[in-house]
Amino acid sequence: MRFIDEYRDAKTAEQYAHAIAHITTRPWNIMEVCGGQTHAIVKFGVDELLPGEITLIHGPGCPVCVTPVELVDKAIEIAALPGVIFCSFGDMLRVPGTEKDLLAVKAGGGDIRIVYSPLDALAVARDHPTKQVVFFAVGFETTAPANAMAVHQARRQRVANFSMLVSHVLVPPAMETILASPRCQVQGFLAAGHVCTVMGYTEYEPLTRKYRVPIVVTGFEPVDILQGVYMCVRQLEEGRAEVENQYGRSVRREGNRLAQQLMVEVFRIIPRRWRGVGEIPQSGLGLSDRYTEFDAEKRFGMAKTVTEEPAECISGEILQGVKKPCECPAFAMHCSPEHPLGATMVSSEGACAAYYRYRRLRQAETIQPGRI
Amino acid sequence: MEQKQLGINCPIPISDYPNILLAHGSGGKLMHQLIQKMFLLAFQNPKLEARHDGAIINLGGAKLAFTTDSYVVRPLFFPGGDIGTLAVNGTVNDLAMCGASPLYLSAGFILEEGLPMETLWRVVQSMQRAAERAHVELVTGDTKVVDKGKGDGLFINTSGVGLIKHGLSIAPASVQPGDAVLLNGDVGRHGMAIMAVREGLAFESTIESDSAAVSDLVMALLDAGVEVHCLRDLTRGGLASALVEIAEASGLHVHVHENAIPVREDVQGACEILGYDPLYVANEGRFVTFVPASAAELALAILRSHPLGAGACVIGSVNENPACMVTMTSKIGTHRIVDMLSGDQLPRIC
């Protein structure tokens, strides 16, 4: 399949692996920001191809993982109300709140529907005028334009029974938080290709200058990631710190202007708590004043709460790249995808879930690669 | 017979899952936990504990396979089949996976008040055609009607009986190190066909379910004297879950090669869009066969000579260690484990 096969080609991957090994003279820590990249790295074993000097650190770019518990709790509370149809992307349903998850609300009779687009949720609202239809708007800059479009259309079409529980987060402030931390070990970034498809990459240019860190906008297939690592290592070895674009087939420097305009109209930038990390200033999106009537938190009178996370869970350190999943004493012991302690174990893009699914007990040397 | 004492407390603690979730029926870990902790505990006997697609029963000198399955698919009609074809083919395939030649089926219909008679007739007609194709007779049945809103139009349960004519023990316990793992064609079609219709996803081409009775293929292997060690159809949970089940039940290591597993381009594309892995997507006409490496070539030739096995291929092999585990050589040549999912695959956010 075009745009898939050539980016999963063993020979090309090997060539990039050789090229990386050829230019690497000392250890480097590179963080892939996006959970989609983490999933691909672990699923395809991309890091196995890298020289020992290169360490990939898994970043905070899984929207499911970083959604704070209190918002999941609010979602659960709203979804359980009579007369509410609660619409969400599929992978939010399994995220544990304080007491349960949305799947449990569904099992208890809550009308919870998986949608593939926020516009589908809007259609549900139009079809059920006597119900309150709430969409759980989660994600980074990638999903923000479509969510903005749903609210924009709801207003234009006067769909009064539609609202949104917004939990949007922004990537650059999270990267800056990591870079500013005294514990920061990241020397280079693979930036999230799809976030940059929307936003472009001018926002990252000040970061490269301020922190002297190379940032390579990177795609999601194994060869993309290897090429991204190659470009990042080359900068590090040459002492450069610039923004480079590996994902040229999708990303332009200025991004998608139309999408950005819609986001600016519908959302405003607010401080946001990140699960496992804490509050990061200017790192979230909330509905702007013009659209506040569509804010589900206001419509259902949700109180402002802050929920403590299980002390045992080290997802915060994992999201910041300080620790790897297998360094957690709870990993694969009493924390598993069936009983996650923290969100990095829930989503398939979470670093812990990816390690659990593809890495648990596995070490390449114990595998006897069978012959065909 | 000694009376069994079941404890008063539910064996699946309230703290874990006080209610049934959809995931308890998805073929993943939660379903296995339910079977293990509740059903096996309550009904324990050696035939059930074999945890095969059907029970093997010796009766009056004959060796029979006996199985049952319920069908609750939505929508009732989809490209490549309908609930009727599934109800016949699924149970026929369960018998075939025991190495049995399917003979007789029962059918229980649970009908929702208001179901159009014409809909039921269409389903019945396709069951008749499917039974004819699979050389089975539908010899007994039952009909119940539930109040409107208490069913999803139509549920069907079928049970089946088949005759085992060979002396082989076809089960995970018979799998040996060195065995080759054969697959009869591309994977992921049924699940994605249903998904596309259910969710109104339009792709360039219509993905058709692979629903089919594979008993003729299995009989061809057995009639040719191929030493079949294990068979497993790749329904809920897909290829990956079936391989994990066999690795765990046999205590052996199954290694497969991602490049060797055929996935059609339209199925791959649909999976990429939704963030699904085709290895976990349900099939209704696909199965894996474990045979000694020396018999792999013959088995492959036999499978390929049949239209339902035209795309047959060897996807991997069996080793001793690491025990109870499935591993895979990925497309880029690295290695990883293949695990069973806890529940359904859920579409990703982005």
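Residues numbered from 1 in each chain as written. Chains lettered and ligands numbered in written order. Predicted model: local features only at pLDDT ≥ 70, side-chain atom pairs only at ≥ 80, totals over all residues.

Further remarks concern the overall build of chain B. Secondary structure summary: chain B contains 9 helices and 14 strands in total. A compact globule built from 350 residues should have a C-alpha radius of gyration of about 20 Å, and chain B, at 20 Å, falls within 12% of that. With the C-alpha coordinates of chain B rotated into their principal frame, the extents come out at 60 × 55 × 50 Å. Here chain B holds 350 residues, and the buried ones make up 49% of them. Considering only intrachain contacts with a sequence separation of at least 6, the fraction spanning at least 24 residues in chain B is 83%. (Helix = DSSP H or I, 4+ residues; strand = E, 2+ residues; numbered from the N terminus. Rg over C-alpha atoms; globule rule 2.2 N^0.38 Å. Buried ≥ 20, exposed ≤ 12 C-beta atoms within 10 Å, placed from the backbone. Contact = placed C-beta atoms within 7 Å.)

Residues and elements named next belong to chain B. Strand order across the open sheet formed by 7 strands is S9-S11-S8-S12-S10-S13-S14, with mixed pairing between neighbours. With partners counted over all chains shown, the strands left at the sheet margins are strand S9 (230-233) and strand S14 (335-338), one partner each. The average angle at which neighbouring strand axes cross in this sheet is 25 degrees, direction not considered. As paired strands, strand S8 (residues 180-183) and strand S11 (residues 287-291) are joined by 4 bridges and run antiparallel to one another. Bridged to alanine 180 within S11 is valine 291. (Pairing = 2+ DSSP bridges. Axes fitted to C-alpha atoms, helices over the stretch in contact; angles between N-to-C directions.)

Okay, the pairing of strand S1 (residues 28-34) of chain A next. Residues and elements named next belong to chain A. The buried fraction of S1 amounts to 6 of the 7 residues, a majority that puts the element mostly inside the structure. Taken together, the 6 bridges between S1 and strand S2 (residues 54-61) define a ladder with parallel strand orientation. Along S2, the bridge assignment pairs asparagine 29 with threonine 55. As for the winding sense of the linkage, the β-α-β connection from S1 through helix H2 (residues 35-44) to S2 is right-handed. Sheet analysis places S1 next to strand S7 (residues 188-192), joined by 3 bridges and oriented parallel. By the bridge assignment for S7, glutamate 32 is matched with leucine 190. (Right-handed = clockwise from strand over helix to strand, strands pointing away.)

Okay, helix H8 (residues 171-180) of chain A next. Those residues of H8(A) lying buried are A:Val171, A:Pro172, A:Ala174, A:Met175 and A:Ile178. End-on, the buried residues of H8(A) take up no more than an arc of 160 degrees, which puts them together on one face. (Arc of directions from axis to C-beta.)

Moving on to the interface of chain B and chain A. Listed by partner, the interface residues are 36 residues for chain B and 44 residues for chain A. When grouped by side-chain class, the residues that make up the side of chain B that touches chain A number 12 nonpolar, 16 polar and 8 charged. (Nonpolar A, V, L, I, M, F, W, Y, C, P; charged D, E, K, R; others polar.)

Turning our eyes to something else, we now look at the pairing of S11(B). Counted residue by residue, S11(B) has 5 buried out of 5 residues, so it is predominantly covered. Residues of S11(B) alternate between two faces, with B:Phe287, B:Thr289 and B:Val291 on one and B:Val288 and B:Phe290 on the opposite face, all of them buried.

For the rest of this paragraph, the subject is the domain arrangement of chain B. Residue and element names in this part refer to chain B. Entries for chain B in the domain assignment read domain 1 (53-164) and domain 2 (172-338). The C-alpha-based centres of domain 1 and domain 2 are spaced at 23 Å. Sorting the residues of the side of domain 1 that touches domain 2 by element identifies helix H3 (83-97), strand S5 (101-112) and helix H4 (117-133) as the ones contributing at least two each. If you tally residues by element for the side of domain 1 that touches domain 2, the top one is H3, at 10 residues. For the side of domain 1 that touches domain 2, the per-class residue count stands at 12 nonpolar, 8 polar and 4 charged. (Domains from an automatic or database assignment.)

Let's shift gears to the domain arrangement of chain A. All names here are of chain A. Looking at the assigned domains, one finds that chain A contains domain 1 (5-61 + 172-239), domain 2 (65-170 + 255-299) and domain 3 (315-361). In this structure, domain 1 and domain 2 have C-alpha centres spaced 30 Å apart. Taken together, the 15 residues of domain 1 in the interface contact 17 residues of domain 2. At the level of secondary structure, the elements contributing two or more residues to the side of domain 1 that touches domain 2 comprise S2, H8 and helix H9 (193-199). For the side of domain 1 that touches domain 2, the element with the highest residue contribution is H9, accounting for 6 residues. The class makeup of the residues in the side of domain 1 that touches domain 2 is 9 nonpolar, 6 polar and no charged.

We now examine the packing of helix H7 (residues 144-156) of chain A against helix H12 (residues 257-266) of chain A. Residues and elements named next belong to chain A. Running from N to C, H7 and H12 point in directions that differ by 55 degrees, and their axes come no closer than 9 Å. When the axes of H7 and H12 are compared, the pair comes out oblique. Considering only the axes of H7 and H12, their crossing is left-handed. Residues Ala144, Pro145, Ala148, Met149, Val151 and His152 of H7 lie in contact with H12, whose contacting residues are Ala259, Leu262, Met263 and Val266. (Parallel < 35°, antiparallel > 145°, perpendicular 65-115°, else oblique. Left-handed = near helix turned anticlockwise from the far one by under 90°.)

Further remarks concern unusual backbone geometry. With the exception of glycine, most residues fall at negative phi, and the peptide bonds are largely trans. Between B:Arg74 and the following residue, B:Pro75, the backbone shows a cis peptide bond with an omega angle of 0 degrees. Along the chain, B:Pro75 falls in the loop between strand S2 (62-71) and strand S3 (77-78). The omega torsion across B:Asn321 and B:Pro322 is -5 degrees, close enough to zero to call that bond cis. Considering the arrangement of structural elements, one finds B:Pro322 in the loop between strand S12 (313-319) and strand S13 (325-329). You will see that A:Ala332, though not glycine, has its phi angle at about 65 degrees, which is positive. The residue A:Ala332 is located in the loop between helix H14 (315-319) and helix H15 (351-358) in this model. The exposure class of A:Ala332 is partly exposed, given the 17 C-beta atoms found within 10 Å. Located in the positive-phi region is B:His135, a residue other than glycine, with phi close to 55 degrees.

This part is about the nonpolar core. A:Ala191, A:Leu226 and A:Val229 are the most contacted members of the largest nonpolar core, which totals 130 residues. Here this core takes 9 residues from helix H11 (residues 222-238) of chain A, the largest share from any one element. Core analysis: the next-biggest nonpolar cluster, separate from the first, contains 92 residues, B:Ile83, B:Ala107, B:Ala196 and B:Ala240 among them. (Core = buried A, V, L, I, M, F, W, Y, C linked by C-beta atoms within 7 Å.)

All names here are of chain B. Strand order in the open sheet formed by 5 strands is S1-S2-S7-S5-S6, and the pairing between neighbours is mixed. In the strand order of this sheet, the two ends are held by strand S1 (55-59) and strand S6 (137-146), each with one partner. The sheet shows a mean angle of 20 degrees between the axes of neighbouring strands, taken without regard to direction. Where S5 meets strand S7 (residues 154-164), 10 bridges bridge the pair, whose relative direction is antiparallel. Across the sheet, residue serine 106 finds its bridge partner in S7, namely serine 159. Against the sheet, H3 touches S2, S5 and S7, its axis set at about 30 degrees to S7.

The next thing to look at is helix H4 (residues 69-79) of chain A. Each full turn of the α-helix corresponds to 3.6 residues, which orients residues three or four apart in the same direction. Of all 11 residues that make up H4(A), 9 are buried, and the element is covered over most of its length. Looking at the packing, one finds that the buried side of H4(A) touches strand S3 (84-88), helix H5 (102-107), strand S4 (111-114), strand S5 (132-139), strand S6 (162-169) and helix H13 (296-299) of chain A.

Chain-level statistics for chain A give a pLDDT mean of 91 and a share of 97% at 70 or above. Within the model, the stretch residues 362-372 of chain A combines pLDDT values under 50 with 25 contacts to residues more than four positions away or in other chains. (pLDDT = per-residue confidence, 0-100.)

Residue and element names in this part refer to chain A. For the pair helix H6 (residues 118-127) and H7, the least separation of the axes is 8 Å and the interaxial angle reads 25 degrees. Viewed along their axes, H6 and H7 adopt a mutual orientation that is roughly parallel. Note on element contacts: H7 touches H6 through Ala146, Asn147, Met149, Ala150, Gln153 and Ala154, opposite Pro118, Leu119, Ala121 and Leu122. Residue classes in the contact of H6 with H7 are distributed as 8 nonpolar, 2 polar and no charged.

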